[in-house]
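This is what each chain is made of:
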Amino acid sequence: METFAYHRPASVTDAVRAFAAGSDAKLLAGGQTLLASMKLGFAAPSDLVDLGGIKELSGIRDEGDTLVIGAMTRHAEVASSAEVHGKIPALAALADGIGDRQVRNAGTLGGSLANADPAADYPAAILGLNAEIRTDRRTLAADDFFTGLYETALTPGELIVAVAFPKAQRAAYIKLLQPASRFALVGVFVAQTAGGTRVAVTGAGPCVFRAHALEAALNARFAADSCNGAVIASDGLNADLHGSAEYRAHLIPVLARRAVIAALA
């Protein structure tokens, strides 16, 4: 691991300033990806700006029909939160299935979103619930946030401060996990929202995406058998030693059906 300057700011303003002053600075949230990359020599930042000391970035606020979760809130906190269980139980269940106990106690909501791993769980909840991503500069809609493989609409140095999750009428997340990593081979988040049913898929493509054919079927009738016969094209989907693109395409309506069953339970 190369040498670097370490910063632990106490405010968002100080964090943005420290990042801008570095020649190749990186923001450090839970460190689940960045620190491992540094150990392997894949990343060698000039500066690490540790966000762990910024109290305003953590916590969960109930704002009526919306839950606002700070970017530095740990997965384990979301999983155990009474507010999340009461308002959006599917989000609590999703957080409880991320990685293992060590990952859940270290990883953060904002870090997961900024990293935008194609098989991460949180992106499915963001897109499925039509959440808003709040940064130090602006508010981004879920549909505009994820742009490609490990790519988001964030600009260099832009800092996620919180995510606003609207309460869904019904929602559930089901994934077929890769046993070693516990990432989603395919994960499907189904939500009945004020704007209609949304179906978000993670693990199957370069980044999370909406399955519009399933959304149309479930908007017509929110029932498990509405997913039967849905055909998802395999073009552009991921293929690796764990599963072909065709296999992933087949899994999407299967898992969507299970998610609807869970949402209706």
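The structure under discussion appears in the preceding block.
All of the points below concern the structure found in this document. (Residues numbered from 1 in each chain as written. Predicted model: local features only at pLDDT ≥ 70, side-chain atom pairs only at ≥ 80, totals over all residues. Heavy atoms only, no water.)

### So, the overall build of the chain
The secondary structure content of the chain amounts to 11 helices and 14 strands. Taking 18 Å as the expected radius of gyration for a compact globule of 265 residues, we find that the chain reaches 18 Å, a close match to that expectation. Seen along its three principal axes, the alpha-carbon backbone of the chain occupies a region of about 55 × 45 × 30 Å. Relative to its full complement of 265 residues, the chain shows a buried share of 52%. Summarising the internal contacts of the chain: among those between residues at least 6 apart in sequence, 57% fall at separations of at least 24. With the model as given, the accessible surface of the chain reaches about 11,900 Å², and the carbon-plus-sulfur share is 51%. Each charge class in the chain can be summarised by its mean position, and for the 23 positive and 26 negative side chains these summaries are 6 Å apart. (Helix = DSSP H or I, 4+ residues; strand = E, 2+ residues; numbered from the N terminus. Rg over C-alpha atoms; globule rule 2.2 N^0.38 Å. Buried < 20%, exposed > 50% of the residue type's maximum accessible area, 1.4 Å probe, protein only. Contact = heavy atoms within 4.5 Å. Areas by Shrake-Rupley, 256 points an atom, 1.4 Å probe, with all protein chains shown as cover. Lys, Arg positive; Asp, Glu negative; His and termini not counted. Charge placed at Lys NZ, Arg CZ, Asp CG, Glu CD.)

### Quick notes on the nonpolar core
Counting 41 residues, the largest nonpolar core has L91, L113, Y122, I126, F165 and F189 as the members making the most contacts within it. Discounting residues that sit within four places of it in the chain, I126 has contacts with L113, A131, I133, A142, F146, V163 and F165. Formed by 24 residues, the second largest nonpolar core is a distinct cluster that contains V199, A204, L214 and A259. (Core = buried A, V, L, I, M, F, W, Y, C linked by side-chain atoms within 4.5 Å.)

### Focus on the packing of aromatic side chains
Tallied over the entire structure, the rule returns 2 aromatic pairs. Considering the side-chain rings of F145 and F146, the 4.9 Å spacing of their centres and the 90° angle between planes classify their relative orientation as edge-to-face. Residue classification places F145 among the buried positions, given a relative accessible area of 0%. (Phe/Tyr/Trp six-rings, centres within 6.5 Å; stacked < 30°, edge-to-face > 60°.)

### Considerations on the pairing of strand β6 (residues 132-135)
On a regular strand, each side chain points to the face opposite its neighbour's, so the side chains alternate between the two faces of the sheet. Burial along β6 is one-sided: the residues I133 and T135 are buried and none of E132 and R134 is. Here β6 runs beside strand β7 (residues 139-141); their pairing, made up of 3 bridges, is antiparallel. What sits directly across from E132, in β7, is A141. Between β6 and β7, which follow one another and run antiparallel, lie 3 residues. (Pairing = 2+ DSSP bridges.)

### Regarding the pattern of salt bridges
Where charged atoms from two side chains of opposite charge come close, those side chains can pair. What the rule picks out here adds up to 12 salt bridges. With its nearest N and O atoms 3.3 Å apart, the salt bridge here joins R210 to D143. Taken as a pair, R210 in strand β14 (residues 209-210) and D143 in helix α9 (residues 142-145) lie far apart in primary sequence, 67 residues in all. On the accessibility criterion, R210 (23% relative accessible area) is partly exposed. Using a relative accessible area of 40% as the deciding quantity, one classes D143 as partly exposed. Taken together, the shared-partner salt bridges connect D143, R198, R210 and E215 into one network. (Salt bridge = Lys/Arg side-chain N within 4 Å of Asp/Glu carboxyl O.)

### Focus on the sheet that holds β14
With antiparallel pairing, 4 strands are arranged side by side in an open sheet as β11-β12-β13-β14. Of all strands in the sheet, those bounded by a partner on one side alone are β11 (170-177) and β14. Judged from the 2 bridges that link them, strand β13 (residues 196-202) and β14 form a sheet pairing that is antiparallel. Opposite V201, over in β14, you have F209 as the bridge partner. Packing of helix α10 (residues 212-220) onto the sheet brings it into contact with β12 (184-193), β13 and β14, and relative to β13 it is tilted by some 150°. (Axes fitted to C-alpha atoms, helices over the stretch in contact; angles between N-to-C directions.)

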